[in-house]
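# Observations on the model geometry
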Amino acid sequence: MAILSTPRSAVQLASKGRPLKEHLFRVALMASLAIALLFLAMLLVYVVEEGWPRLDSMLWENQPSIRRPETSGVRSGIFGTLWIIGLTALMALPTGILAAIYLEEYADRTKWYNKLIELNISNLAAVPSIVYGILGLGIIARWMQFGFTVMTGAVTISLLVLPIVIISAREAIRAVPPSIREGSLALGATQWQTIYRQVLPASIPGIATGSILALSRAIGEAAPFLMLGAATLVRFNPEGVWSSFTVLPLQIYSFISRPQEEFAVLAAAAIVILLAILLLMNSVAIWLRNRYQKRW
Amino acid sequence: MSAQPRTTVPGAPASLARSRPRYGESIIKVILLAAAMVSVATTIGIVIALLEPTIEFFGSVSFGEFFGSTDWGPLFNPPAFGVWPLIVATVEITLIAVLVAVPLGLASAIYLSEYASHRTRKIFKPVLEVLAGVPTVVFGFFALTFVTPLMKDLFPFLELDGKNALAAGLLVGVMIIPIVASLSEDAMAAVPNGLREGSYALGASKMLTSVRVVVPAAFSGIVAAVILAISRAAGETMIVAIAGGFKSVFTLYPGDEMSTMAAFIAQAGSGDASVGSIAYKTIFAVGSLLFVITFAMNYLSARMVQKYREVYD
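Definitions and cut-offs
Residues numbered from 1 in each chain as written. Chains lettered and ligands numbered in written order. Predicted model: local features only at pLDDT ≥ 70, side-chain atom pairs only at ≥ 80, totals over all residues. Helix = DSSP H or I, 4+ residues; strand = E, 2+ residues; numbered from the N terminus. Rg over C-alpha atoms; globule rule 2.2 N^0.38 Å. Buried ≥ 20, exposed ≤ 12 C-beta atoms within 10 Å, placed from the backbone. Contact = placed C-beta atoms within 7 Å. Domains from an automatic or database assignment. Nonpolar A, V, L, I, M, F, W, Y, C, P; charged D, E, K, R; others polar. Axes fitted to C-alpha atoms, helices over the stretch in contact; angles between N-to-C directions. Parallel < 35°, antiparallel > 145°, perpendicular 65-115°, else oblique. Left-handed = near helix turned anticlockwise from the far one by under 90°. Core = buried A, V, L, I, M, F, W, Y, C linked by C-beta atoms within 7 Å. pLDDT = per-residue confidence, 0-100.

A few words now on the overall build of chain B. The helix and strand tally for chain B stands at twelve helices and two strands. Listed by position from the N terminus, the elements making up chain B come as α-α-β-β-α-α-α-α-α-α-α-α-α-α. In terms of overall size, chain B is more extended than a compact globule, its C-alpha atoms giving a radius of gyration of 25 Å where 313 residues would be expected to give roughly 20 Å. Viewed in the frame of its principal axes, chain B has a C-alpha envelope of about 85 × 60 × 35 Å.

Across its full length, chain A holds twelve helices and zero strands. Reading the helices (α) and strands (β) of chain A from amino to carboxyl end gives α-α-α-α-α-α-α-α-α-α-α-α. For chain A, the C-alpha radius of gyration of 24 Å lies well beyond 19 Å, the compact-globule estimate for 296 residues. Reported as C-alpha extents along the three principal axes, the dimensions of chain A are approximately 70 × 60 × 35 Å. Across the 296 residues in chain A, those meeting the buried criterion constitute 48%. Considering only contacts within chain A whose residues lie at least 6 apart along the sequence, 74% involve residues at least 24 apart.

A separate point is the domain arrangement of chain A. How big an interface is tends to be expressed through the accessible area that disappears when the partners come together. Residue and element names in this part refer to chain A. Split into domains, chain A comes out as domain 1 (19-54) and domain 2 (58-292). The partner domain 2 presents eight residues to the six residues of domain 1 that form the contact. Here the residues of the side of domain 1 that touches domain 2 are counted per class, giving three nonpolar, one polar and two charged.

Time to look at the packing of helix α8 (residues 178-186) of chain A against helix α9 (residues 191-220) of chain A. All names here are of chain A. Across the interface, α8 lies against α9 with an axial gap of 10 Å and an inter-helix angle of 155°. In this view, α8 runs roughly antiparallel relative to α9, as classed from their interaxial angle. In this structure, α8 meets α9 at a crossing whose hand is right-handed. Contact with α8, carried on its side by Ile180, Arg181, Ser184 and Leu185, involves Thr194, Gln198, Val199 and Ala202 of α9 and no other residues of that element. For the contact of α8 with α9, the class distribution of residues is four nonpolar, three polar and one charged.

A separate point is the nonpolar core. By size, the foremost hydrophobic cluster in this structure holds 183 residues, and its most contacted members are Ile271 of chain A together with Ala143, Leu171, Val180, Ile239 and Ile242 of chain B. Mapped onto the domain boundaries, this core takes at least three residues apiece from domain 1 (19-54) and domain 2 (58-292) of chain A. In this view, Ala143 of chain B contacts Thr148, Ala167, Ala168, Leu170, Leu171, Ile239, Ile242 and Ala243 of chain B; residues no more than four positions away in its chain are not counted.

A word on unusual backbone geometry. Of note, the phi angle at Gln145 of chain A is positive, near 60°, even though the residue is not glycine. Take Gln145 of chain A: there are 8 C-beta atoms within 10 Å of it, and that puts it in the exposed class. The phi torsion at Glu159 of chain B lies on the positive side, around 50°, for a residue other than glycine. Within the fold, Glu159 of chain B resides in the loop between α5 (136-154) and α6 (165-189).

All names here are of chain B. Checked against the element boundaries, Thr90 lands in helix α3 (residues 84-115). The class for Thr90 is buried, based on 27 C-beta atoms found within 10 Å. Separated by 171 residues in the primary sequence, Thr90 and Met261 place their C-alpha atoms 6.4 Å from one another.

A few words on the packing of helix α11 (residues 248-256) of chain A against helix α12 (residues 261-292) of chain A. Residue and element names in this part refer to chain A. Their axes nearest at 8 Å, the elements α11 and α12 cross at an angle of 160°. Looking at the two axes, α11 sits roughly antiparallel to α12. Every pair of crossing elements has a handedness; the one defined by α11 and α12 is left-handed. Only Phe263, Leu266, Ala267, Ala270, Ile271 and Leu274 of α12 make contact with α11, whose side of the interface consists of Leu248, Pro249, Gln251, Ile252, Phe255 and Ile256. Grouping the amino acids of the contact of α11 with α12 by side-chain chemistry returns eleven nonpolar, one polar and no charged.

A word on the confidence of the model for chain B. Taken residue by residue, chain B gives an average pLDDT of 87. The fraction at 70 or more is 92%. ipTM for the predicted complex: 0.87, alongside a pTM of 0.87.

Glancing now at the interface of chain B and chain A. Counting from both sides, the interface comprises 73 residues of chain B and, opposite them, 75 residues of chain A. For the side of chain B that touches chain A, the element with the most residues is helix α1 (residues 23-60) of chain B, which contributes 18 residues. The class makeup of the residues in the side of chain B that touches chain A is 48 nonpolar, 20 polar and five charged.

Now for the environment of Gly194 of chain B. Residues and elements named next belong to chain B. Take Gly194: it is sitting in helix α7 (residues 193-201). You can call Gly194 exposed: it has 9 C-beta atoms within 10 Å. Distance in space between the C-alpha atoms of Gly194 and Leu144 is 48 Å, their sequence separation being 50 residues.

All names here are of chain B. With respect to the secondary-structure elements, Val127 resides in helix α4 (residues 118-133). Given 14 C-beta atoms within 10 Å, Val127 falls into the partly exposed group. For the pair Val127 and Gly169, spaced 42 residues apart in sequence, the C-alpha to C-alpha distance is 22 Å.

Here chain A averages 87 in pLDDT, while 92% of its residues score no lower than 70. Overall, residues 1-8 of chain A carries pLDDT values under 50, and its contacts beyond four positions in sequence, including any with other chains, amount to six contacts.

Pasting the structure below:
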């Protein structure tokens, strides 16, 4: 750090005394961040390099095959994932956003049942995903007799991402300043009119960003599906919500579990597809946030 | 703003009072409350799904055998139900993950919060979020096919198994770095500038201010972040199932293949046990144990925040 330059802040004044130690500390901090990012970079490079020979159209045109890894595709997994995500969006997003509106706009925080809901949501957000798999297996697949179907998978994943949707939607709603609500109420709008016409439009970008991130979590999830019988080889696309299915991450898992080298290449190629979908969704989320985020 | 009637202010014109009840508004509130109750129903569902088979399990296997033995093999003949190998493997992999994630995550958080310029922070925080969004099967694949062979080449004296706790723990650690970094950074960003300025005014350097003022002030948030990361690591399934393996032999050496609680659930749940059998019920018993452990850690995390939170205005 240049000592002779005009000190602009207290920071530079302070660091005069022990420059070397200060400098080393700063370098150590930067190195830590760099190591974390290096892992990400290595992972991406490795997966693309490993999967490169199989990144062809057979990957999304062909169904998976145990016997011919060199021409096997992941079509049923791609379609299964799309079905699950579509249904999850239909179920988890409305429920989560409505719950968030309740908690932010209506709930009286001193009431015991509202405290219970709050506690519940923060706890559920940290329950391991494999435990949601047990919920899906024990309650949804067996007790409700939904079986090992697309519907069971979608309901299970909806419950898994619900806390994430609620938490992010609440943050977006909370960011709308109270003066907007007060202005609307003062003009004679009812509470619901205020929420529907003022609060929600103002918080939609934040809600959309959080929802996309929650859905991208759902796309990458594999553990719950292991419990829901989606691990077996499925060679057809789902025909409806009561059809059996598999998802892309689980197909990748079953490829990894096989000893032949061709399956490792196939797994890497499928991972590239999975990461491409996720990267696209994340970019949209970040773009939404930067484009529409309002500062009050 | 709730639907309760307001106390009338003396002298206020009566015409301001509501003329008729608004049923639509009340119906909407009920619908919203119902949506919020789904989360409560989920918890009840999880508890029911776990409890019944777990009680049946302990009807045929004694508590003493489950918690008092180190022989595990519910899928073997004759079966053995001593859960310690799973617990040891879970603790060991979690410990490796924490040793990786806490220093790296905390240092990244201090850098982003205290040292980085606004622009740098704006670039690197989303990148860390991308790291958080990488599916765990991908980490597992990377651990199994890249990290393990690499470590075998570099450190042959470790005598690593093809699947081992070390590589799995390492990648679980990488997976939880964003949780530690992001939540700790939030906690540090919430420390008011007055504290930093006070510290500088007393002659402290930037490093001293970060380590002795900002980190202690944000301590409750940092601890909560670490506990949350630990519970995520303990429940992580795909990385350990792929790179850690399923062998449930009682071992402490991290170079060995070992099965965590979550990995066992994944293995037995994906079709190795027939419904209603004792092996099938074991899934739920182990699931209950995992649920109780993560639940206790979340509770601890919430309490830490409540108890040690420094409130600044």
